[in-house]
Structures are given as C-alpha cells and as structure tokens.
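# Structure assessment
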Amino acid sequence: MLLNHGNEGVNQLDSSLVGEAAAVITSGLWTFSSLFFTAAGRRIGSLSVNAYRTVMAVGFLLVAHVVLLGSIFPLASGGQWFWMGASGVVGLGIGDSGLFAAYLMIGPRRSLLLMALAPIFASLGAFVMLGETLPAVAVLGIALTLGGVVLVILEREERSGEAPVSGKLKKYGAFCGLVAAIGQGVGLVLAKKGIELNPAATLNPLSATLMRMLLGAFSLWLLMLSTGRLANLQNAFKSREGMRQTAAAAFLGPFLGVTLSMVAVTYAEAGIAQTLLSLMPVMIIPVVWILYRQKTSWRGILGAAIAVIGVSILFLV
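The rules behind these values
- Residues numbered from 1 in each chain as written.
- Predicted model: local features only at pLDDT ≥ 70, side-chain atom pairs only at ≥ 80, totals over all residues.
- Heavy atoms only, no water.
- Salt bridge = Lys/Arg side-chain N within 4 Å of Asp/Glu carboxyl O.
- Buried < 20%, exposed > 50% of the residue type's maximum accessible area, 1.4 Å probe, protein only.
- Helix = DSSP H or I, 4+ residues; strand = E, 2+ residues; numbered from the N terminus.
- Expected span 1.5 Å × (residues − 1).
- Arc of directions from axis to C-beta.
- pLDDT = per-residue confidence, 0-100.
- Contact = heavy atoms within 4.5 Å.
- Axes fitted to C-alpha atoms, helices over the stretch in contact; angles between N-to-C directions.
- Parallel < 35°, antiparallel > 145°, perpendicular 65-115°, else oblique.
- Left-handed = near helix turned anticlockwise from the far one by under 90°.
- Nonpolar A, V, L, I, M, F, W, Y, C, P; charged D, E, K, R; others polar.
- Polar contact = N/O pair within 3.5 Å; in protein donor to acceptor, adjacent residues only side chain to side chain.
- Patch = residues over 30% accessible without salt bridge, like charges linked within 9 Å, V, L, I, M, F, W, Y side chains within 5 Å.
- Areas by Shrake-Rupley, 256 points an atom, 1.4 Å probe, with all protein chains shown as cover.

## Points about the pattern of salt bridges
Per the counting criterion, the structure on display carries 4 salt bridges. Close ionic contact of Lys-192 with Glu-196 constitutes a salt bridge, the shortest N to O distance being 3.3 Å. A relative accessible area of 3% places Lys-192 in the buried class. Glu-196 sits in the partly exposed class, given a relative accessible area of 35%. Look at the salt bridges and you will find they share partners, linking Glu-132, Lys-192 and Glu-196 into a network.

Printed below as a string of structure tokens:
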C-alpha cells in the first residue's frame, strides 16, 4: 500500500516535525515496553522473549493492515520488499540478536552505552546510501543528545552494583553491542531506502513495518531453530504470565513503536531520527521513580537535561 506525497494531512504540517515527534513518542513506547520485556525475560528468558515478540508483532500488524488498509499483505514492488526485508534482517534479526547477547554478557547498561553509537552509523549510512547531509546545528543537537544519554547511562552504571565482567567476556559483549548498534543504525537507513524507493510515492509506514517485521521474524526464528533452541521456545510457551507480558511488550514496542519509527524515518533525516529513537535511558528515569521510587543522582538529572536541550535543538532545525 502506497502513500502519495501529496497527502494533504502531512503537507499541512512541517514533515520533519512529524517525523521527529514520532521518534520521541517511539522512545516513550519503547521505554514502557522495556519494563514488560524485562519482566517476561525473567520468566522465560530474553532469547525466547525476542523470538515470540516478533511473531506476536506480526500478528498485530496483519490485523491492523487488514482493518486500516484493506489487504493482508502490502502491495509493494520487488525492490521495496528487498530493501524492507534487508532492513528487517539487519535491524531486527542481526541487530536485536546482538543486543540481547550483549545484555547477557556485559549487562544492559554497558550495552546501552554501546547502542548510543547507533545514530552515528545511521548518519554515515544515510550519507553513503541516500546522500543525506546534516547542517552544523543538527550535528550539535545530536552531540548534545547523545552526550546526555551517555552521561545518564554512566551514572546508572556506577550505581548499578553489577558484578564485574572478565576481560574476555567484556570483549565478546562489546563486539555484540557494536553489532547491535551497527544493525540498528544501518537497518534504519535500509528501511528509509525502501520507503523512498519510488520517487512518486512512499510506502505507508504500517506496510513498511509489516514488511520489515515479517523478514526480521523469519531470520530470527531461523537462527533460533538452527542453533537448537526449540526446547527453550517450547518451555517458554508454557508460562502464561511470561507470554502475557511478552504480548504487552510486543504491542507497545514492535507493533506501535516500530510503526511510529517508520513514520519517523519517512519524514525526518535518518541521523536525527535515530538520535531521537535513542532516548530510552533518559525517559526511564521518571518512569522508574514513579513506579519503583528509584532515585537518580544529580549527575543523571544533568545528563537528562542536556539530552532535552539537544532534542530541542533538533526540533528547531
């Protein structure tokens, strides 16, 4: 299903503002979905959560696609399927697998610190593949936003009490985290390439998300089954509470969140979109304070404030 560039609703607003707003909302959705993913992971394991969330997201997307667009599968060209499929494999298959492996080896905070590199890879990829260049003010906004995110993550690292990690395991974990950052950044650029492949029209964000999720889920399940994890998946399915939590996370994250991320990459520059999609470490601060009364030091609050200033600059570009 295609969405014509002449869509009046989008033309009434600054298209870049629409994309940037969608990216910030996506970060918020991913923040809340992470709470469900964490709870589900403790019950059925992070790898099983990652596998089942993609299947559930495909189910949500298929229903939404039929109800809203009138067809089960997107009406797209072979080229569009190729680029969106490549985005799904690179971003959701390889990238997310690397992130979950990094979580297991070096912990979530160190992993998120490496994921702060994703906007850099997205900007480089967009420059090479799409010819996108960012003005100096946008680069300043990205730098401030990422600097604030890194400051928040480092503050939480010092207070986390995480067990020390051996040098060898840290190297493997850092490699997986780097793979995740590259996968997420480049995957976003590949999606933008597919969305804008037809100069006369762009893919509807819902269609783009479904195409991306289908190929991503296929590659992820192929990896899980080829590495002998069928028994883990079967055992995980028996946990009703774990599956309910996974379903809630899949609805907020891979369904609503990823769909809005496709809106973001459609209307905003790839580097800016990826930066605004990386705000979860900052957004989690008020959430965990409200829900769990977990306090943050002034250093963490300062990092959040710097990130907000960076986001404000990006919205003014």
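From this point, the narrative continues.
## Side note on helix H6 (residues 118-130)
The end-to-end C-alpha distance of H6 is 17 Å, a good match for the 18 Å that 13 residues give at a rise of 1.5 Å each. Taken together, the buried positions of H6 are Ala-118, Pro-119, Ala-122, Gly-125 and Ala-126. Seen from one end, H6 has its buried residues packed into an arc of 125°, which puts them on one side. The positive-phi residue at the C-terminal boundary of H6 is Gly-131, with phi of around 75°.

## Some words on the confidence of the model for the protein chain
Per-residue confidence for the protein chain gives a mean pLDDT of 83, with 89% of residues at or over 70. This model gives residues 1-6 a pLDDT under 50, and the stretch forms 27 contacts once residues within four places in sequence are excluded.

## Comments concerning the side chain of Thr-259
Here Thr-259 lies in helix H11 (residues 240-267). Classification of Thr-259 as buried rests on a relative accessible area of 14%.

## A few points about the packing of helix H9 (residues 205-226) against H11
Put simply, H9 and H11 touch, their axes get as near as 8 Å, and they point 120° apart. By the criterion of interaxial angle, the relationship of H9 to H11 is oblique. Both H9 and H11 take part in a crossing whose hand is right-handed. Packed against H9, whose contacting residues are Pro-205, Leu-206, Ala-208, Thr-209, Arg-212 and Met-213, the element H11 presents Pro-254, Val-258, Thr-259, Met-262 and Val-263 at the interface. For the contact of H9 with H11, a count of residues per class yields 8 nonpolar, 2 polar and 1 charged.

## As for the packing of helix H8 (residues 167-195) against H11
In the contact formed by H8 and H11, the axes pass within 9 Å of each other and the chain directions differ by 70°. The orientation of H8 relative to H11 falls into the category roughly perpendicular. Of the residues in H11, those in contact with Leu-188, Ala-191, Lys-192 and Ile-195 of H8 are Met-262, Val-265 and Thr-266. Taken together, the residues of the contact of H8 with H11 sort by class into 5 nonpolar, 1 polar and 1 charged.

## Regarding helix H2 (residues 15-44)
Over its 30 residues, H2 runs 41 Å from end to end, which matches the ideal 44 Å to within 8%, given 1.5 Å per residue. Gly-45 sits one or two residues past H2 and shows a positive phi near 95°.

## Some points on the side chain of Glu-132
Positionally, Glu-132 belongs in the loop between H6 and helix H7 (136-159). Side-chain polar atoms of Glu-132 contact the backbone nitrogen of Ala-270, separated by 3.0 Å. Leaving out residues up to four positions away in the same chain, Glu-132 has contacts with Ala-126, Phe-127, Lys-192, Glu-269 and Ala-270.

## Quick notes on the environment of Leu-146
By the secondary structure assignment, Leu-146 is in helix H7. Since its relative accessible area comes to 10%, Leu-146 is described here as buried. Taking the C-alpha atoms as reference points, Leu-146 and Ser-278, separated by 132 residues in sequence, lie 8.1 Å from one another. Here Leu-146 is in contact with Ala-116, Pro-119 and Thr-275, once residues within four sequence places are set aside.

## Describing a nonpolar patch on the surface
On the surface, Val-63, Val-66, Val-67, Leu-68, Ile-72 and Phe-73 cluster together into a nonpolar patch covering about 600 Å² of accessible area. For Leu-68, the location among the structural elements is in helix H3 (residues 46-69). Here Leu-68 falls in the exposed class, since its relative accessible area comes to 62%.

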